[in-house]
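Summary of the model geometry
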Amino acid sequence: MDFFQPPSADDLLLRQAGQGQPQALTQLVQRYQALAYTVAVRVVGNAEDAEEVVQDAFLKAFAALGQFRRAAKFSTWLYRIVYNTALTKKRAQGRPRELPLTPATPEPPATSGDGWAAVRHADQRKYLALALARLPPDDALVLTLHYLGEQSIAEMCTILGKKTSALKMQLLRSRQQLEAALIQLLPTDHQHLL
Amino acid sequence: MSPRPPAPPDPVKALLQAQGLQQPSAAFSAALTRQVVARYAAPPTVPYRAGAWLGKLILLALGSLLGLVLSGLPRAEAGILAPALAAAVLGLGGVLWLFEQQRPPAAG
């Protein structure tokens, strides 16, 4: 416990949430639901199950808010619950991961400069989603947490229950795989994307 | 010494951030918020009355002892000691305030 640091916005919200203030609870939900949902989608592979996972995890986490001892950040603790809930859901599914959130087939890549500009602005998301879908789910999740969720290596170790060295290796490998997938999707224009 | 040049932007990070997080539907988000607020019940705070009374008793005893010491001293010496005692009391109050600020949320 560091007495010399002022309480963070999270600390204040947690204190107010602990007193049952609806506004604080709402803010906490709004603040963390997007990354929680993205994590759940990466693990279970479809929007419907991901929503169920986020709902279960959030209700579980907020019911146990009193057991949160601040050994980690609240977000880290919450994402760990989301990740574990998603893993349980995935095991219960007992079937291969579906990927309805990504386009089925890519459009032919543009080759000219003007065409590329259109691809860059309009289809960037689609090609990235396709490239991420080609990665193993664990690797896509690691990239999402680190680059999109801006979670540190230490926080990711807590969330995923992995060791630092293993996670660093996985992150490096995932980057290389993503780049390879983009090269495969856009053989001539990938350098504009990266 | 020249400042270190800024690191070049990470293309993978920029690309992923351009894609953004996946957002749940607005209906789901609203329903989730409603459920969390409705189901979350802050536990009733049960004050530890014995502790509170004990604390007050100790403070009263300490205050009385300080008053006794100050009253027993010659006026000149009491004038010197009083600011030090006041500083000690304020310092203790500050520490108690910090503890109060850092106390984990009362939730069950």
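A brief report on the enclosed structure follows. In this numbering scheme, every chain counts its residues from 1 along its sequence in written order. For naming, the first written chain is A and the first written ligand is 1, with later ones following in the order written. It should be noted that, the model being predicted, local features are given only for residues of pLDDT at least 70 and side-chain atom pairs only at 80 or more, the latter also being counted only at that level, while totals for whole chains, interfaces and linings use all residues. Only heavy atoms go into the side-chain values, all of them from the structure, while hydrogens and water stay out.

1. So, the interface of chain B and chain A
Test applied: Working rule for contacts: check all heavy atoms of both residues, and any pair within 4.5 Å makes them a contact. Values labelled buried area give the accessible surface lost by two parts on being combined, using a 1.4 Å probe and summing over both. By the criterion applied in these results, polar contacts are pairs of N or O atoms within 3.5 Å in which, for protein atoms, one can donate a hydrogen and the other can accept it, and in which residues neighboring in sequence qualify only through two side-chain atoms. Numbering of helices and strands starts at the N terminus; helices are DSSP runs of H or I of at least 4 residues and strands are runs of E of at least 2.
In this complex, chain B contributes 36 residues to the contact, which on the side of chain A involves 48 residues. Here chain B meets chain A over a buried area of about 4100 Å², counting both sides, of which 65% is carbon and sulfur. Our enumeration of links across chain B and chain A arrives at 8 residue pairs in polar contact (both at pLDDT 80 or more). Contributions of two or more residues to the side of chain B that touches chain A are made by α1 (11-19), α2 (26-39) and α4 (75-102) of chain B.

2. Re unusual backbone geometry
Residues and elements named next belong to chain A. As a reminder, the rule being used: Each residue is placed in one exposure class: buried if its accessible area under a 1.4 Å probe, protein chains only, is under 20% of its type's maximum, exposed if it is over 50%, and partly exposed if it falls in between.
Positive phi is not limited to glycine here, since Glu-150 has a value of about 50 degrees. Here Glu-150 shows up in the loop between α6 (137-148) and α7 (153-160). Since its relative accessible area comes to 52%, Glu-150 is described here as exposed.

3. Details of the packing of helix α3 (residues 47-63) of chain A against α2 of chain B
Quick note on the threshold: Note on geometry: axes are lines fitted to C-alpha atoms, helical ones only across the stretch in contact, with angles between N-to-C directions running from 0 to 180 degrees. Each angle is binned into one of four classes, with values under 35 degrees roughly parallel, values over 145 roughly antiparallel, values of 65 to 115 roughly perpendicular, and all other values oblique. Handedness of a crossing follows from how the near helix is turned relative to the far one, being left-handed for an anticlockwise turn of less than a right angle and right-handed for a clockwise one. Basically, the charged four are Asp, Glu, Lys and Arg, the nonpolar ten are Ala, Val, Leu, Ile, Met, Phe, Trp, Tyr, Cys and Pro, and anything else, Gly included, counts as polar.
Viewed as axis vectors pointing N to C, α3 of chain A and α2 of chain B meet at an angle of 20 degrees, and their least axial separation amounts to 10 Å. Classified by the interaxial angle, the pair formed by α3 of chain A and α2 of chain B is roughly parallel. Crossing handedness for the pair α3 of chain A and α2 of chain B: right-handed. Of the residues in α2 of chain B, those touching α3 of chain A at Glu-51, Val-54, Gln-55, Phe-58, Leu-59 and Phe-62 of chain A are Phe-28, Leu-32, Gln-35, Val-36 and Arg-39 of chain B. Split by residue class, the contact of α3 of chain A with α2 of chain B holds 7 nonpolar, 2 polar and 2 charged.

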